[in-house]
Amino acid sequence: MSKIKYRYIHILIVFYIIAAFTWWAILLYQRTLEIHELQLVLANFVEDMDPEEITKEFLKQKRMIMGEGLVFGLSILVSMILMSKAFLSEINVNRKLNNFLLSVTHELKTPIASLKLILQTLYKKDLEMSKCKDLIETAHEESTRLESLVNNILTVAQMDQSYNYNFEMIRLDNILNERVTRFRTAYSERKIITEINSNVEIKADRESMIKLIDNLIDNAIKYSPSEKPVRIFLQTIANQVILSIADQGPGIEESEKDNILEKFYRIGNEETRKTSGTGLGLFIINEIVNAHKGHLRIKDNHPEGSIFEIEFLKSS
Ligand code: ADP
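Residues numbered from 1 in each chain as written. Predicted model: local features only at pLDDT ≥ 70, side-chain atom pairs only at ≥ 80, totals over all residues. Heavy atoms only, no water.

Before we go on, may I ask you to explain the overall build of the protein in this structure?
Of the regular secondary structure elements, the protein holds 6 helices and 7 strands. What you see in the protein, going N to C, is helices and strands ordered as α-α-α-β-α-β-β-α-β-β-α-β-β. Compactness check: the protein gives a C-alpha radius of gyration of 32 Å against a globular reference of 20 Å for 316 residues, more than 25% above the reference. With the principal axes as the frame, the protein shows a C-alpha extent of 120 × 55 × 40 Å. (Helix = DSSP H or I, 4+ residues; strand = E, 2+ residues; numbered from the N terminus. Rg over C-alpha atoms; globule rule 2.2 N^0.38 Å.)

Whenever I open this one, the pattern of salt bridges confuses me. Can you help?
Opposite charge on two side chains makes pairing possible when the charged atoms of those side chains draw close. Here the structure, examined in full by the defined rule, presents 15 salt bridges. Here R179 makes a salt bridge to D214, at a shortest N to O gap of 2.8 Å. Of the two residues, R179 is situated in helix α4 (residues 172-186) and D214 in helix α5 (residues 206-222); the sequence distance between them amounts to 35 residues. Notably, a salt bridge pairs E304 with K228, separated by 2.8 Å at the nearest N-O pair. In this pair, E304 sits in the loop between β6 (295-300) and β7 (306-313) while K228 sits in the loop between α5 and β4 (230-237), placing the two residues 76 residues apart along the sequence. Overall, K228 belongs to the partly exposed group, its relative accessible area being 23%. Several salt bridges share partner residues, and in doing so they unite R297, K299, E309 and E311 into one network. (Salt bridge = Lys/Arg side-chain N within 4 Å of Asp/Glu carboxyl O. Buried < 20%, exposed > 50% of the residue type's maximum accessible area, 1.4 Å probe, protein only.)

Looking at this structure, I do not really get the sheet that holds strand β2 (residues 192-196). What am I missing?
Sheet strands line up and pair through hydrogen bonds in the backbone, either parallel or antiparallel. If you trace the 5 strands from one edge of the open sheet to the other, you get β2-β4-β5-β7-β6, paired in mixed fashion. One side of each edge strand has no neighbouring strand; the edge strands of this open sheet are β2 and β6. Each strand of the sheet is rotated relative to its neighbour by a mean of 15°, with strand direction disregarded. Summarising the sheet, strand β5 (residues 240-246) and β7 pair through 7 bridges and their orientation is antiparallel. Bridge pairing in β7 links I245 to F308. On the sheet, α5 packs against β2, β4, β5 and β7 and is oriented at approximately 30° with respect to β5. In the packing of helix α6 (residues 281-291) onto the sheet, contacts are made with β6 and β7, and the angle to β6 comes to roughly 135°. (Pairing = 2+ DSSP bridges. Axes fitted to C-alpha atoms, helices over the stretch in contact; angles between N-to-C directions. Contact = heavy atoms within 4.5 Å.)

What exactly am I supposed to notice about the site of the ligand here?
Every one of the 18 residues lining the ligand counts as a neighbour, but N219, Y223, D247, R266 and T278 are closest to it. In the environment of the ligand, an oxygen atom lies 3.5 Å from a nitrogen or oxygen atom belonging to the backbone of I267. Residue G279 places a main-chain N or O atom 3.0 Å away from an oxygen atom belonging to the ligand. Protein contacts shield 95% of the accessible area of the ligand, which totals 530 Å² for the unbound molecule. When residues of the shell around the ligand are traced back to their parent elements, those giving at least two are α5, α6 and β7. Class assignment of the residues belonging to the shell around the ligand gives a composition of 8 nonpolar, 7 polar and 3 charged. (Near = heavy atom within 4 Å. Polar contact = N/O pair within 3.5 Å; in protein donor to acceptor, adjacent residues only side chain to side chain. Areas by Shrake-Rupley, 256 points an atom, 1.4 Å probe, with all protein chains shown as cover. Nonpolar A, V, L, I, M, F, W, Y, C, P; charged D, E, K, R; others polar.)

What is the right way to look at the environment of K263 in this model?
One can find K263 in the loop between β5 and α6. Judged by its relative accessible area of 23%, K263 falls in the partly exposed class. In sequence terms K263 and D247 are 16 residues apart; their C-alpha atoms lie 22 Å from each other. For K263, the contacting residues outside a window of four places in its chain are K96, V156, D160, G279, L280 and F283. Engagement of the side chain of K263 in a polar contact is seen with the side chain of D160, the distance being 3.0 Å.

Would you mind going over the nonpolar core with me for this structure?
Nonpolar side chains in soluble globular proteins tend to end up buried together. Judged by nonpolar contacts, the single largest core of 48 residues is most densely connected at L172, L212, I232 and L243. In terms of residue count, α5 provides more of this core than any other element does, 8 residues in total. Contact partners of L243, with chain neighbours within four places excluded, come to L176, L212, I213, L216, I232, F233, L234, F308, E309 and I310. (Core = buried A, V, L, I, M, F, W, Y, C linked by side-chain atoms within 4.5 Å.)

Here is the structure:
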């Protein structure tokens, strides 16, 4: 049976319980009223029976019936809301998981097929040096994407089981310069402009800083047109270290800025989306920033695009 059918059955059962309970409550009230009226008639003939006491007892019972009914009705309503919420969130998680599986399969297949083709071409054909260089560059780009995809899946799996951060004093400027060089090699046609202060030392986990930087640069490249530059800044202001990655892509709507930090979340739907991805990058970035007690801000770039700004506390 489909989940939607289960939901309707659940709603039907809850409505039946509420209707049955209301009916029993009304019946109980009517019987109590009848008994009360009879007792009042009897009180005219029996001396021991005090009409005032009888009315007091009746009012007490009436309050009890109404109070219990209200608590019971509210409990059912709250449990129904909670169950509906759990149900909707399960549907949501399943949908995101399905999207994720589809995109992972697609993301794994595409670079593997392209790498295979490039290798076959290089092996079989006697190509000129410049053509070979182009193909090797494309292979490098594809393998970088493949590597980052596998790394992200592994990181999320580790994060689910509690990720071990190894905090130590690191030179963030050195790591950033090294990662930028790597991206410049992998995406040689892209313009990456940097303004990186030197001697920027923070207490952080080296591996997760690499993941954070790689995911931010990867997104900036992926979501902006190839002719537009990506700008990377690292600066120290007072006791804060600020890393920002700015692109000139489509930008991110205000209403989506929180959503994109969720696991598997991707803007738009599978049919209309042009870029491939898994929706894990920003989830990983946010987890890492939180683990380092930093702040992540998603700002609008002018005239277009977005700026991902991360603030860490500088070590003293
Ligand atoms: P993925 O890129 O694999 O989809 P992310 O978690 O990195 O996963 O990003 C989640 C979503 O946020 C993306 O699907 C995209 O819609 C949006 N996004 C991320 N970075 C940018 C960016 N620099 N510009 C515009 N949209 C972005």
